[in-house]
Amino acid sequence: MAESLGLTGKQNIYVQFKIDKSGNVSEIKASAKHIKLKKEAIRVVGKIPKMIPGKQRGENFEVMYTLPIVFEARN
């Protein structure tokens, strides 16, 4: 895939998402050099199963995460 997109070397994708009070992934945003990488990162993060939400003083609360994804395109 990398070759067909003209990508070489290290590729950085940053995905930001929220784990809501129920543990669901929401508000997924991504940043990448190529739109196909961005779309794939959003698709994959959207498949994360329900998680344990953040807790403070016994109450669930929303937590923002930034997930860096780094891969190296080799020929």
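A brief report on the enclosed structure follows. Just so it is clear, the structure is predicted and the values come from calculations on it, not from any experiment. (Residues numbered from 1 in each chain as written. Predicted model: local features only at pLDDT ≥ 70, side-chain atom pairs only at ≥ 80, totals over all residues. Heavy atoms only, no water.)

## Structural notes on the overall build of the chain
Right, on to step 1. When its secondary structure is counted, the chain shows two helices and five strands.
Right, on to step 2. For 75 residues, the compact-globule estimate of 2.2 N^0.38 gives 11 Å, and the C-alpha radius of gyration of the chain, at 15 Å, exceeds that figure by more than 25%.
Right, on to step 3. Each of the three principal axes of the chain carries a C-alpha extent, and together these read 50 × 15 × 15 Å.
Right, on to step 4. By the burial criterion, 27% of the 75 residues in the chain qualify as buried.
Right, on to step 5. Look at the contacts in the chain between residues 6 or more apart in sequence, and 64% of them connect residues 24 or more apart.
Right, on to step 6. Of the roughly 5,700 Å² that the chain leaves accessible, carbon and sulfur atoms contribute 51%. (Helix = DSSP H or I, 4+ residues; strand = E, 2+ residues; numbered from the N terminus. Rg over C-alpha atoms; globule rule 2.2 N^0.38 Å. Buried < 20%, exposed > 50% of the residue type's maximum accessible area, 1.4 Å probe, protein only. Contact = heavy atoms within 4.5 Å. Areas by Shrake-Rupley, 256 points an atom, 1.4 Å probe, with all protein chains shown as cover.)

## A word on the nonpolar core
Right, on to step 1. Ranked by size, the top nonpolar core spans 11 residues in total: Leu5, Leu7, Ile13, Val15, Phe17, Ile19, Val25, Ala30, Leu37, Ala41 and Val45.
Right, on to step 2. Those elements that provide at least two residues to this core are strand E1 (9–19), strand E2 (25–31) and helix H2 (35–45).
Right, on to step 3. Looking at which element gives the most residues to this core, the answer is E1, with four residues.
Right, on to step 4. Contact partners of Ile13, with chain neighbours within four places excluded, come to Ser31, Ala32, Leu37, Ala41, Leu67, Pro68, Ile69 and Phe71. (Core = buried A, V, L, I, M, F, W, Y, C linked by side-chain atoms within 4.5 Å.)

## Focus: the sheet that holds E2
Right, on to step 1. Spatially, the three strands line up as an open sheet ordered E2-E1-E5, and their pairing is antiparallel. Of all strands in the sheet, those bounded by a partner on one side alone are E2 and strand E5 (63–73). Ignoring strand direction, the axes of neighbouring strands in this sheet form an average angle of 20 degrees.
Right, on to step 2. Relative to E2, E1 runs antiparallel, the two sharing five bridges. Note on E2: the bridge partner recorded for Val15 is Ala30. (Pairing = 2+ DSSP bridges. Axes fitted to C-alpha atoms, helices over the stretch in contact; angles between N-to-C directions.)

## Things to note about unusual backbone geometry
Right, on to step 1. One non-glycine residue, Glu27, lies in the positive phi region at around 50 degrees.
Right, on to step 2. Mapped onto the secondary structure, Glu27 falls in strand E2.
Right, on to step 3. Of note, the phi angle at Arg57 is positive, near 55 degrees, even though the residue is not glycine.
Right, on to step 4. Note on placement: Arg57 falls in the loop between strand E3 (54–56) and strand E4 (59–61).

Remember that the coordinates give geometry; whether it matters functionally is a separate question.
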